[in-house]
Every structure is written in structure tokens, then in C-alpha cells.
Amino acid sequence: MKSNLKYLLIFFIGIIAIISCNKKKSYSITIEGNNLYITMPYPRVGVSGINKRDWKDFTLNELIEDTFQELKDCSKSGINTVWVCVKLEKPKKDKYGNEEMTYNSQFIAEIPINEVNKYKDYKYFDRSFRISDNINRAIERNKKVLEFPSFR
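Per chain, the residues get numbers from 1 upward, laid out in the order the sequence is written. In keeping with the predicted nature of the model, local features appear solely for residues at pLDDT of at least 70, side-chain atom pairs appear and are counted solely at 80 or more, and the whole-chain, interface and lining totals rest on all residues. Side-chain measures here rest on the full set of heavy atoms in the structure, leaving out hydrogens and waters.

Engineer: How should the overall build of the protein chain be read in this particular structure?
Structural biologist: In DSSP terms, a helix is any run of H or I states spanning at least four residues, a strand is any run of E spanning at least two, and both are numbered starting from the N terminus. Of regular secondary structure, the protein chain possesses 5 helices and 6 strands. Burial status follows relative accessibility: with a 1.4 Å probe on protein chains alone, a residue under 20% of its type maximum counts as buried, one over 50% as exposed, and anything between as partly exposed. Looking at the protein chain as a whole, 30% of its 152 residues qualify as buried. Note on contacts: a residue pair qualifies if any of its non-hydrogen atoms lie within 4.5 Å across the two residues. Looking at the protein chain alone, contacts between residues at least 24 apart form 60% of all its contacts between residues at least 6 apart. Residue exposure ignores everything except the shown protein chains as possible cover, and the areas themselves are Shrake-Rupley values with a 1.4 Å probe. Here the protein chain displays about 11,000 Å² of accessible surface, and carbon together with sulfur accounts for 54% of that area.

Engineer: Would you take a moment to explain the pairing of strand 5 (residues 81–93) for this structure?
Structural biologist: Put simply, side chains in a regular strand alternate between the two faces of the sheet. A pair of strands is labelled paired if DSSP reports no fewer than 2 bridges between them. By the bridge criterion, 7 bridges tie strand 2 (residues 35–41) to strand 5 in an arrangement that is parallel. Within the sheet, the bridge partner assigned to threonine 39 lies in strand 5 and is lysine 87.

Engineer: Sorry if this is basic, but what is going on with helix 2 (residues 60–74) here?
Structural biologist: Side chains of residues three or four places apart in an α-helix project in the same direction, reflecting 3.6 residues per turn. Helix length check: helix 2, at 15 residues, gives a terminal C-alpha distance of 21 Å against a target of 21 Å (1.5 Å per residue), a fit within 8%. Every buried residue of helix 2 is listed here: Leu60, Leu63, Ile64, Thr67, Phe68, Leu71 and Cys74. Burial along helix 2 is one-sided: seen end-on, the buried residues are contained in an arc of 135°. Multiplying 1.5 Å by the helix residue count minus one yields the expected span of that helix. In this context, the arc is that of the directions from the helix axis out to the C-beta atoms.

Engineer: How do you make sense of the pattern of salt bridges when you look at a structure like this?
Structural biologist: Between side chains of opposite charge, pairing is possible as soon as their charged atoms come close. When a carboxyl oxygen of Asp or Glu lies within 4 Å of a side-chain nitrogen of Lys or Arg, that pair is called a salt bridge. Applying the stated criterion across every chain yields a total of 3 salt bridges. Linking glutamate 115 and lysine 118 is a salt bridge whose minimum nitrogen-to-oxygen distance equals 2.9 Å. Of the residues examined, glutamate 115 reaches a relative accessible area of 25% and is grouped as partly exposed. For aspartate 133, the salt bridge identified is with arginine 130, shortest N-O distance 3.7 Å. Residue aspartate 133 is classed as partly exposed on the basis of its relative accessible area of 33%. Arginine 130 sits in the partly exposed class, given a relative accessible area of 38%.

Engineer: Honestly, the packing of helix 4 (residues 122–129) against helix 5 (residues 131–142) in this entry has me stumped. Any pointers?
Structural biologist: Any two packed helices are characterised by how steeply their axes cross, that is the angle between the axes, and by the distance between the axes. One way to put it is that helix 4 packs onto helix 5 with a least axis distance of 6 Å and a crossing angle of 55°. By the angle class used here, helix 4 and helix 5 are oblique. From helix 4, Phe125, Asp126 and Phe129 reach across to helix 5, where they touch Ile131, Ser132 and Asn134. Under this grouping Gly is polar, as are all residues other than the nonpolar Ala, Val, Leu, Ile, Met, Phe, Trp, Tyr, Cys and Pro and the charged Asp, Glu, Lys and Arg. For the contact of helix 4 with helix 5, a count of residues per class yields 3 nonpolar, 2 polar and 1 charged. Interaxial angles span 0 to 180 degrees and are taken between N-to-C directions of axes, which are lines fitted to C-alpha atoms, for helices over the stretch in contact. Note that the term roughly parallel is reserved for angles under 35 degrees, roughly antiparallel for angles over 145, roughly perpendicular for angles of 65 to 115, and oblique for everything else.

Engineer: Would you mind showing me how to read the nonpolar core here?
Structural biologist: Side chains that are nonpolar tend, in soluble globular proteins, to be buried together. Ile38, Met40, Leu63, Ile111, Phe125, Ile131 and Ile135 are the most contacted members of the largest nonpolar core, which totals 31 residues. Among the secondary structure elements, those contributing two or more residues to this core are strand 2, helix 2, strand 5, strand 6 (99–112), helix 3 (113–116), helix 4 and helix 5. Broken down by element, this core gets its largest block of residues, 6 residues, from helix 2. Each nonpolar core is a collection of buried residues, namely Ala, Val, Leu, Ile, Met, Phe, Trp, Tyr and Cys, held together in the definition by side-chain atoms within 4.5 Å.

Engineer: What exactly am I supposed to notice about the sheet that holds strand 6 here?
Structural biologist: Within a beta sheet, neighbouring strands are joined by backbone hydrogen bonds and run either parallel or antiparallel to one another. If you walk across this open sheet you meet the 4 strands as 1-2-5-6, and the pairing is mixed. The open sheet has two edge strands with one neighbour each: strand 1 (28–32) and strand 6. Averaged over all neighbouring strand pairs, the angle between strand axes comes to 25°, with direction disregarded. Bridging between strand 5 and strand 6 involves 13 bridges; their strand directions are antiparallel.

Engineer: I tried to follow the confidence of the model for the protein chain on my own but got confused; where do I start?
Structural biologist: Should the pLDDT be low somewhere, the predicted coordinates at that spot are not to be read in detail. Within a predicted model, pLDDT stands for the predictor's per-residue confidence, ranging from 0 to 100. Looking at the protein chain as a whole, its pLDDT mean stands at 80, while 74% of the residues score no less than 70. Element-level mean pLDDT values for the protein chain span from 56 in helix 1 (residues 2–21) up to 94 in helix 4. Ignoring residues within four places in sequence, the model shows residues 145–152, a span with pLDDT below 50, making 0 contacts including any to other chains.

Right under this line is the structure:
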């Protein structure tokens, strides 16, 4: 009986692990010609700490790691230089209440592909090309500013 319970527990843990690994992330990385586009939503601010940015289904490190891997794969295609652009998704409602997605795009880096394969992992790559810093700057430049009406 105990061994059956043990196998059942291992089975459920395995199912949970598979389900959690297969969830779709809310960002995408695409390459069009020499351009690499990172399309992502604006972060939530203050949910995980005061003035701390986070996304509900990924971390910035996961995004940088996937970008690094995409650039490594790009090196096989003969491209010499890639321009990295972040596209921040901004949902907007029209006058009828229908939601459509608009994008604020920012150029964040120019990366020579022959340099990418020299890095041991995405952390060293990010330190050199400052992708996460540039994403945070793009978010700052495009964040909504609340304007209060002036009372005269």
C-alpha cells in the first residue's frame, strides 16, 4: 500500500511539473531579417515589492536567456549583425469598448552575431550588451504618466 501511494505521489508531481513547464509565456521573440523583436507586456509595478517590476508569467532573466539562445541560433543563418528592438504591448479600448493591442517600440541594442557565441551563458552576455538595463530604460521612457487636472 505504501509503495502504491509513493508511486501515485511521484505521478502527480510529474504531471504538475509537465503542466507548469508547458505554460505559454506572454512574450515572444521573433527575427525578421536583421531585426530581433522582443514583444512583451508592460510589467506590474509594486506587486512583489515597493517599486519592483515583475511579470506574472516570466522573469526578466528568463527573457534574456531566451533572447541569448535565439541569437545563438541566429548565428547559423549567416546574419552578421542583429538590431534588437523591444515592443511593449499596450492594450487600448476604442470608443465601443473593444480592446486592441498597440505597441511602443524601442531600439535597445546592436549585436554582432560572431560575439554571441563567445559568451559562456546569458548572464555574461547581458552584462556586456546590457539588454535588461535597456529593457528597463525602454519601459521608463514609455510608462504612462498620470496627469492631474489643474484647478484654478
